[in-house]
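Structure at a glance
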Amino acid sequence: MAKMKKKQQNEKLYCPYCGGLAVLRPAEYVYGERNLNPDNYLYVCSGYPSCDSYIGVHKKSMRPMGTLANGDLRHKRIEAHRALNKVVQAGIMTKHGAYIWLQNRLCLREKDMHIGMFSEYRCEETIRECNTLMEQYAKTNRSSSCEKKIMAA
Ligand SMILES: [Zn+2]
């Protein structure tokens, strides 16, 4: 607890589910033995564990990575991250490019383009956009390899 930065302690964050005040706590408060990094902190709803809602904290600034999320929303945000990573891994875009593309697709302002702040709806839109892009990409790749075969014949 010695490492806690007092400066950021004033920031008030409320739980969107129960309205409770979120409290900055070491990650092991939630993860227990599964906690991998003792330096990690979370903003946890004061109603936890009956209200299962929390958000990770940026290490250096100790600021929340987004809004508090319950189990369903945490899962959706992980899926949205995964969908976007797939686009990057497929080599369609750079990570930076993918974020700009998604921001435009979802008509978001730059400051709102954080998956940690996304609602379930926005996560679903992200997954849908990424999947559509991946399908288009797969199609163009298929046709171009067909063309190559024809050219070679
Ligand atoms: Zn709560």
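Residues numbered from 1 in each chain as written. Predicted model: local features only at pLDDT ≥ 70, side-chain atom pairs only at ≥ 80, totals over all residues. Heavy atoms only, no water.

A closer look at the coordination of the zinc ion
Within the protein, C15 (SG), C18 (SG), C45 (SG) and C51 (SG) serve as the donor atoms for the zinc ion, at 2.3 Å. Around the zinc ion sit four donor atoms, and with donor-metal-donor angles ranging over 95 to 116° the site reads as tetrahedral. (Donors = N, O, S within 2.8 Å, 3.2 Å for Na, K, Ca; no water. Tetrahedral: all angles 85-135°; square planar, octahedral: opposite > 155°, others 65-115°.)

Here we look at the packing of aromatic side chains
Under the criterion given, the structure shown has three aromatic pairs. A ring pair is formed by Y31 and Y54, whose centres lie 6.1 Å apart and whose planes are at 85°; its orientation type is edge-to-face. Placement of Y31 in helix α1 (residues 28-31) and of Y54 in strand β3 (residues 54-56) is noted, with a sequence separation of 23 residues between them. Taking the relative accessible area as the measure of exposure, Y31 reaches 27% and is therefore partly exposed. Considering the side-chain rings of Y48 and Y54, the 6.3 Å spacing of their centres and the 80° angle between planes classify their relative orientation as edge-to-face. The residues Y48 and Y54 share a single accessibility class, namely buried. By way of ring pairs, the aromatic residues Y29, Y31, Y48 and Y54 are connected into one cluster. Here the guanidinium or amino end of R25 rests over the ring plane of Y29, the centre of that ring lying 4.1 Å away. (Phe/Tyr/Trp six-rings, centres within 6.5 Å; stacked < 30°, edge-to-face > 60°. Helix = DSSP H or I, 4+ residues; strand = E, 2+ residues; numbered from the N terminus. Buried < 20%, exposed > 50% of the residue type's maximum accessible area, 1.4 Å probe, protein only. Lys NZ or Arg CZ within 6 Å of the ring centre and 35° of its normal.)

Section: the side chain of K76
Structurally, K76 is set in helix α2 (residues 71-89). On the basis of relative accessibility, which here comes to 19%, the residue K76 falls in the buried class.

Some points on the nonpolar core
Counting 18 residues, the largest nonpolar core has L84, W101, L102, F118 and C130 as its most contacted members. Broken down by secondary-structure element, the contributors of at least two residues to this core are α2, α3 (95-105) and α4 (120-152). Here this core takes five residues from α2, the largest share from any one element. Discounting residues that sit within four places of it in the chain, F118 has contacts with L73, R77, L102, L106, L108, D112, M113, C123 and T126. Within the second largest apolar cluster, 12 residues are counted, among which are L13, L24, C51 and L68. (Core = buried A, V, L, I, M, F, W, Y, C linked by side-chain atoms within 4.5 Å. Contact = heavy atoms within 4.5 Å.)

Topic: the pattern of salt bridges
What the rule picks out here adds up to six salt bridges. In this structure, R109 engages D112 in a salt bridge whose closest nitrogen and oxygen atoms are separated by 2.9 Å. Its relative accessible area of 53% is what places R109 among the exposed residues. Here the residues in one salt-bridge network are R109, K111 and D112, joined through shared partners. (Salt bridge = Lys/Arg side-chain N within 4 Å of Asp/Glu carboxyl O.)

Read these as geometric descriptors, not functional statements.
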